[in-house]
Amino acid sequence: MSEELTALMRHGTWELVPPPPDCQPVGCKWVFRVKRHPNGFIARFKACLVAKGYHQQPGLDYSETFSPVVKPATIRTVLTVAVVQGWSLRQLDVNNAFLHGNLHEIVYMSQPPGFQDTTTPHHVCRLNKAIYGLKQAPRAWYSALQQAILKLGFHNSKADPSLFIYHSATILCYLLVYVDDLVITGNTPSFLTHVIHQLGIQFSLKDLGTLHYFLGLDVIPTNNGLFLSQHQYIQDLLFKTNM
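None of the values given here were measured: they were computed from a predicted structure.

What follows concerns the overall build of the chain. Looking only at helices and strands, the chain has five helices and 14 strands in total. Referenced to the eigenvectors of the C-alpha coordinate spread, the extents of the chain come out at roughly 65 × 50 × 30 Å. With 243 residues in all, the chain has 42% of them scored as buried. A separation threshold of at least 6 residues defines the contact pool for the chain, and within that pool the share at least 24 residues apart is 65%. Accessible surface computed for the chain: about 13,800 Å², of which carbon and sulfur atoms make up 55%. Each charge sign in the chain was given a centre, from 19 positive and 15 negative side chains, and these centres are 4 Å apart.

Turning next to the packing of aromatic side chains. Applying the stated rule across the entire model yields six aromatic pairs. For the ring pair Trp 87 and Tyr 174, a centre distance of 6.2 Å and an interplane angle of 35 degrees mean the geometry is tilted. One end of the pair, Trp 87, is in the loop between α2 (72-85) and β4 (89-94); the other, Tyr 174, is in strand β9 (residues 172-178), and 87 residues separate them in sequence. Tyr 174 carries the same exposure label as Trp 87, and that label is buried. Members of the aromatic cluster, each reached through a chain of ring pairs, are Phe 154, Tyr 166 and Phe 191.

Below, the discussion takes up the side chain of Asp 160. By the secondary structure assignment, Asp 160 is in the loop between β7 (155-156) and β8 (163-167). In this structure Asp 160 is buried but unpaired, with Lys 71 as the nearest side chain of opposite charge at 5.3 Å. At 3.0 Å, the side chain of Asp 160 and the backbone nitrogen of Lys 71 are in polar contact. Polar contacts involving the side chain of Asp 160 include one to the main-chain amide nitrogen of Ser 162, which spans 2.9 Å. Sequence-distant contacts of Asp 160, that is, excluding residues within four places in its chain, are made with Val 69, Val 70, Lys 71 and Thr 74.

Here we take up the pattern of salt bridges. Applying the stated criterion to the full structure yields two salt bridges. Between Glu 4 and Lys 46 there is a salt bridge; the shortest N-O distance is 4.0 Å. Within this pair, whereas Glu 4 is found in helix α1 (residues 2-10), its partner Lys 46 is found in strand β3 (residues 42-51), the two being separated by 42 residues in sequence. When its relative accessible area of 7% is taken as the criterion, Glu 4 is described as buried. The class for Lys 46 is partly exposed, based on a relative accessible area of 25%.

A few words on the sheet that holds strand β5 (residues 108-109). Backbone hydrogen bonds are what pair the strands of a sheet, in a parallel or an antiparallel way. Read across the sheet, three strands follow the order β1-β6-β5 without closing on themselves; strand pairing throughout is antiparallel. For this open sheet the edge positions go to β1 (14-17) and β5, each flanked by a neighbour on one side alone. With four bridges joining them, β1 and strand β6 (residues 124-127) adopt antiparallel strand pairing. Bridged to Trp 14 within β6 is Leu 127.

Definitions and cut-offs
- Residues numbered from 1 in each chain as written.
- Predicted model: local features only at pLDDT ≥ 70, side-chain atom pairs only at ≥ 80, totals over all residues.
- Heavy atoms only, no water.
- Helix = DSSP H or I, 4+ residues; strand = E, 2+ residues; numbered from the N terminus.
- Buried < 20%, exposed > 50% of the residue type's maximum accessible area, 1.4 Å probe, protein only.
- Contact = heavy atoms within 4.5 Å.
- Areas by Shrake-Rupley, 256 points an atom, 1.4 Å probe, with all protein chains shown as cover.
- Lys, Arg positive; Asp, Glu negative; His and termini not counted.
- Charge placed at Lys NZ, Arg CZ, Asp CG, Glu CD.
- Phe/Tyr/Trp six-rings, centres within 6.5 Å; stacked < 30°, edge-to-face > 60°.
- Salt bridge = Lys/Arg side-chain N within 4 Å of Asp/Glu carboxyl O.
- Polar contact = N/O pair within 3.5 Å; in protein donor to acceptor, adjacent residues only side chain to side chain.
- Pairing = 2+ DSSP bridges.

Written as structure tokens, this is what we have:
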């Protein structure tokens, strides 16, 4: 919880202000998750501060909420191209992704449970950045990431807005986006490294190396290409349904 709060403070997520008249701040709560490796073993324990977005009012606290999500057919197509061409597939994860999205609306939130400022216990948090749970958080994050990728010379695919393409005389590169999970592949390894470095300057990136697990898919390299399996996803379903 302390690590999460430190990250929020470092990003300048909010500022404490006296509550304005008739202010009804959005509530917040702590959510705890166990992050697992593809094989099911525990990777780490994570605490996340989440806004109670169901308290928000349309037209007052938020307007646009839609955020594109990559299509399964796009993922299979890009993986197929990479295998046929013999390209490497790199996987990236963005830490605290939603905190990079700027808010355009004025949103007040109550102070985090257990971490209220003792000198100003009645103040509220005026949010500068999006936070998990807000209605507009996914859209704000996608807009911030999209602007950063387009500045690197990519353009959006007309078929799928979550696929970004870079094409010059000698370089071809594809970048897949699913919220905070990114997959990048192309014909020039040095260009992939350059893109990862540039995105890392703007966002807190974690380079996960070669693609191994994406959207419930285990991606296993073989002599003939890639073997795609949903072993862990099926195991989770069986466990959840007690079968």
